[in-house]
2 protein chains.
Amino acid sequence: MTDHSPKPRINGERLLADLSRLARIGATAAGGVSRPAYGDLDITARTAVREMMRAAGLTIRVDTAGNTFGRRAGRGSDGPPIVIGSHTDTVPDGGRFDGALGVMAALEVARTIAEREVPMRHPLEVVDFQNEEGGLIGSKIVAGLFTDDALKLVTPSGRTIGNGIELLGGDPARLDEARLVPGSIAGYLELHIEQGRVLERAGADIGVVEGLVGIRYWEVTFDGIASHAGTTPMADRHDALLAAGRFVDAVHATVTSIPGRQVGTVGRLRVFPGGANVIPGKVVLTLELRDLDPAVIDALFARIEPEGRRIANATGTKVTFEATLANAPSPTDGRVRDAVAHAARDLGLRPHAMVSGAGHDAQNMAGIGPSGMLFVPSVNGISHSPAELTEDHDIVNGANALLGAVLRMDATL
Amino acid sequence: MTDHSPKPRINGERLLADLSRLARIGATAAGGVSRPAYGDLDITARTAVREMMRAAGLTIRVDTAGNTFGRRAGRGSDGPPIVIGSHTDTVPDGGRFDGALGVMAALEVARTIAEREVPMRHPLEVVDFQNEEGGLIGSKIVAGLFTDDALKLVTPSGRTIGNGIELLGGDPARLDEARLVPGSIAGYLELHIEQGRVLERAGADIGVVEGLVGIRYWEVTFDGIASHAGTTPMADRHDALLAAGRFVDAVHATVTSIPGRQVGTVGRLRVFPGGANVIPGKVVLTLELRDLDPAVIDALFARIEPEGRRIANATGTKVTFEATLANAPSPTDGRVRDAVAHAARDLGLRPHAMVSGAGHDAQNMAGIGPSGMLFVPSVNGISHSPAELTEDHDIVNGANALLGAVLRMDATL
């Protein structure tokens, strides 16, 4: 049976109003939002989302991890659901769209499907994952990738992860019950702001995410000798900051020496003892490399590490690299990508295949079922900032593409 | 009249015992001394020094700045004195010799002159300046270079300078009375550890200080744009730390590009926001340049500043330089230098002309009368550290050279 009725569209005004309403919870003077996970404002926002889900006729479930799911039954109501959503926590002094857009758009999609009585084979679930910004915690628990040791970590809210989960209605002692086994979902799709300028530069409307980059982190330490800046001749110095300065430049030179989308960043750097009149005796810095291809990351590090040793030799210092974290790259599912690209074209929008340089809950969901993401443009690529902005028409386009992709996934998955 | 008696020598064992006794006040587990100015241990040490001066027959005077003077009358007892000494405060977790050696050696010289009944034309004063490490405060007040605004500054002891002066027996409301007008001293001579490796490398025993270097400080800020390390392609970055890293290297390259004893140091560097996954949006660092010739400092900065702008342009950042402090170079008096060099040779020691890269109370005393300094070797050049060490024989040599130079100054000044 072919459906000849006009393709359904979401209600753009309602979605924008919902986004504005959510942005008032934790609104900052600078025009952004500050709702660190497990803080009072995060809890207030999650409660508000739950009420909006309930008002949309969804059946609420808070899992033992503290994630919120709102479910609409499908025709075969017990089959694996299509899950759509994102998160509503923010970084401290963050923006209005990172995460919130994905949850509000998913809610609007569910509402539209209910109102138009669009038939779906699969149940549809809207998810609001907890503590995405602090390490994808909610989705990690769902995917069975969380280790209980982390329950005692203190988060920017001042609360531990364990205490936070309790406050969200979860149960840190029964996290296993939140786990979704592979095959238990029909698919996962997350709408998110791009947080970069790729779409803007490409003149594209919808980013079809090919995969989420892998990330490797190192803590790099240069050990020199602290001494008096006035009495130590230049030739006698073992200046850890001179070494670190050259290393920062070398990381940039190495990462940009080959074509590709790989990135390398030194984001944190600390100088000891740090007196204006003391030659730095020690510098500790972070090195982060990201690419969709782990071989590219390995190849870059294979050049950066000896470069660091060469710099250490030249400056009379010693360098050590400590690998602190590795996230494997996470390709998206081809069927989900196709659904997004088709949905965009159906709407007359221009899709653009791209990688996600940031981590998202979708990478954890990829282990449970066919998963993917779609991006909408971020003005000037700014995010994690009060200046974070996605234009109204891009918000509406993104939500309509989400709706179209969900219906296509419902037919194909 | 020529004195054919053997030249007097100080009592080395007594001096070493005095130094050990003083080092017990504020001794640290690491083998150093921690007596930050105005702290309880600083006050205890200064009281002990006063008692030692009194026991040596000196007449004690604590000026309104809180400096301690111990005086021995000369043959013409009201004439301007020869002043010798240093300071007994230390940096937090400092060493046993920085400052303490100069005060204990001066005391030993005064004691030797008294015991041997060596006739002197001038009165001799032993001084223990207060808060040298925090900016030469005691000698600054004596030289009329202190501004009362600084009385409210909080020091590492936790006490303000004003409160500290009160606790030392001074009177912050009457600092003018501590001032010594030009001509009111016959000369000033300070024995100090070198705090560098110049003497060690030269195989010399006594450093004859030609002058104390000038110092200029700048606070240098690179402003870029903080953004997401995963979603911002390399070409779109405005990385303030990349700029700062290149700048640190450029400072080193510029300072070492010309022959000479000039030094340049970036000792403090702070990265904002400082997250491992955030491209640095701002870096604030200190630039310090030192040389005996202010024209050399000016010439270096005239090359470093445009280099900073070039780096800022190349990295899409903005750089600003704020001059925060300038200490003019302070040459020593030729007659004092001669006295030190002769005294060293008389003792069969090898003198070596050198500059002081560090600031000392002598630079403030230079405005009041003919002033100078002599250095003894620091093992491995280490200072401001528990590992600070000057060998016993160098301590004794230094004190004997101080004695010889004082007697020569007494004859020639």
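So, here's what we can say about the structure. Model, not experiment: these values are computed from the prediction. (Residues numbered from 1 in each chain as written. Chains lettered and ligands numbered in written order. Predicted model: local features only at pLDDT ≥ 70, side-chain atom pairs only at ≥ 80, totals over all residues. Heavy atoms only, no water.)

**Describing the overall build of chain A**
So, step 1. When its secondary structure is counted, chain A shows eleven helices and 16 strands.
So, step 2. The principal-axis extent of the C-alpha atoms belonging to chain A is close to 85 × 45 × 40 Å.
So, step 3. Considering chain A as a whole, with its 413 residues, one finds that 58% of them fall into the buried category.
So, step 4. Only carbon and sulfur atoms are counted for the fraction: they give 51% of the accessible area of chain A, which is about 15700 Å². (Helix = DSSP H or I, 4+ residues; strand = E, 2+ residues; numbered from the N terminus. Buried < 20%, exposed > 50% of the residue type's maximum accessible area, 1.4 Å probe, protein only. Areas by Shrake-Rupley, 256 points an atom, 1.4 Å probe, with all protein chains shown as cover.)

**As for the relation of the copies chain A and chain B**
So, step 1. Rotating chain A by 180 degrees about the axis while translating it 0.2 Å along that axis superimposes it on chain B, leaving an RMSD of 0.1 Å. Taken together, the rotation and translation describe the operation of a two-fold axis. Closest to the rotation axis within chain A is the C-alpha of A:G245, separated from it by 1.8 Å.
So, step 2. An overlap of 100% is found between the interface residues of chain A and their copies at the interface of chain B, pointing to a shared contact surface. (Least-squares fit on C-alpha atoms with pLDDT ≥ 70 in both. Contact = heavy atoms within 4.5 Å.)

**Describing the environment of B:M104**
So, step 1. Here B:M104 is to be found in helix α3 (residues 100-115).
So, step 2. The class for B:M104 is buried, based on a relative accessible area of 0%.

**Topic: the packing of helix α9 (residues 334-346) of chain B against helix α11 (residues 392-412) of chain B**
All names here are of chain B.
So, step 1. Orientation of α9 relative to α11, taken along the N-to-C sense of each, is 130 degrees, at an axis distance of 8 Å. Between α9 and α11, the crossing angle belongs to the class labelled oblique. Classified by chirality, the crossing of α11 by α9 is right-handed. Contacts from V336, D338, A339, V340, H342, A343 and D346 of α9 reach α11 at A401, G404, A405, R408 and M409.
So, step 2. Partitioned by chemical class, the residues of the contact of α9 with α11 number seven nonpolar, two polar and three charged. (Axes fitted to C-alpha atoms, helices over the stretch in contact; angles between N-to-C directions. Parallel < 35°, antiparallel > 145°, perpendicular 65-115°, else oblique. Left-handed = near helix turned anticlockwise from the far one by under 90°. Nonpolar A, V, L, I, M, F, W, Y, C, P; charged D, E, K, R; others polar.)

**Concerning the packing of helix α1 (residues 12-23) of chain A against helix α2 (residues 40-55) of chain A**
Residues and elements named next belong to chain A.
So, step 1. Across the interface, α1 lies against α2 with an axial gap of 10 Å and an inter-helix angle of 150 degrees. It follows from the interaxial angle that α1 and α2 lie roughly antiparallel. Here α1 runs over α2; the crossing is right-handed. Contacts from D18, R21 and L22 in α1 reach A45, A48, V49 and M52 in α2.
So, step 2. The residue makeup of the contact of α1 with α2, split by class, is five nonpolar, no polar and two charged.

**Considering the side chain of A:N400**
So, step 1. Inspection of the secondary structure puts A:N400 in helix α11 (residues 392-412).
So, step 2. For A:N400, the residues in contact, after removing those within four places along its chain, are A:R9, A:I10 and A:L347.

**Describing the environment of A:P123**
All names here are of chain A.
So, step 1. Checked against the element boundaries, P123 lands in the loop between α3 (100-115) and β4 (124-129).
So, step 2. Taking relative accessible area as the criterion, P123 reaches 0% and is therefore assigned buried.
So, step 3. Taking the C-alpha atoms as reference points, P123 and I185, separated by 62 residues in sequence, lie 9.6 Å from one another.

**Remarks on the interface of chain A and chain B**
So, step 1. The partner chain B presents 48 residues to the 48 residues of chain A that form the contact.
So, step 2. Both sides of the chain A and chain B interface together cover about 3900 Å² of buried area, and 59% of this is carbon and sulfur.
So, step 3. Of all residues in chain A, the largest losses of buried area upon contact with chain B belong to A:T231, A:M234 and A:A276, amounting jointly to 16% of the total for that side.
So, step 4. Where chain A touches chain B, the interface holds four salt bridges.
So, step 5. Across the salt bridge formed by B:R201 and A:D236, the nearest N and O atoms sit 2.7 Å from each other.
So, step 6. If you look at where chain A meets chain B, you find twelve residue pairs in polar contact (both at pLDDT 80 or more).
So, step 7. Residue assignment for the side of chain A that touches chain B shows that the elements contributing at least two residues are α6 (198-202), α7 (240-255), β9 (263-265), β10 (269-272), β11 (278-279) and β12 (282-291) of chain A.
So, step 8. With eight residues, α7(A) is the largest single contributor of residues to the side of chain A that touches chain B.
So, step 9. The residue inventory of the side of chain A that touches chain B, partitioned by class, reads 18 nonpolar, 20 polar and ten charged. (Buried area = accessible area lost by both parts, 1.4 Å probe. Salt bridge = Lys/Arg side-chain N within 4 Å of Asp/Glu carboxyl O. Polar contact = N/O pair within 3.5 Å; in protein donor to acceptor, adjacent residues only side chain to side chain.)

**Observations regarding the pairing of strand β16 (residues 371-376) of chain B**
Residue and element names in this part refer to chain B.
So, step 1. With six of six residues buried, β16 lies mostly within the body of the structure.
So, step 2. Burial of the side chains of β16 extends over both faces: S371, M373 and F375 are buried on one face and G372, L374 and V376 on the other.
So, step 3. Relative to β16, strand β5 (residues 187-193) runs parallel, the two sharing six bridges. What sits directly across from L191, in β16, is L374.
So, step 4. Summarising the sheet, strand β6 (residues 206-212) and β16 pair through two bridges and their orientation is antiparallel. (Pairing = 2+ DSSP bridges.)

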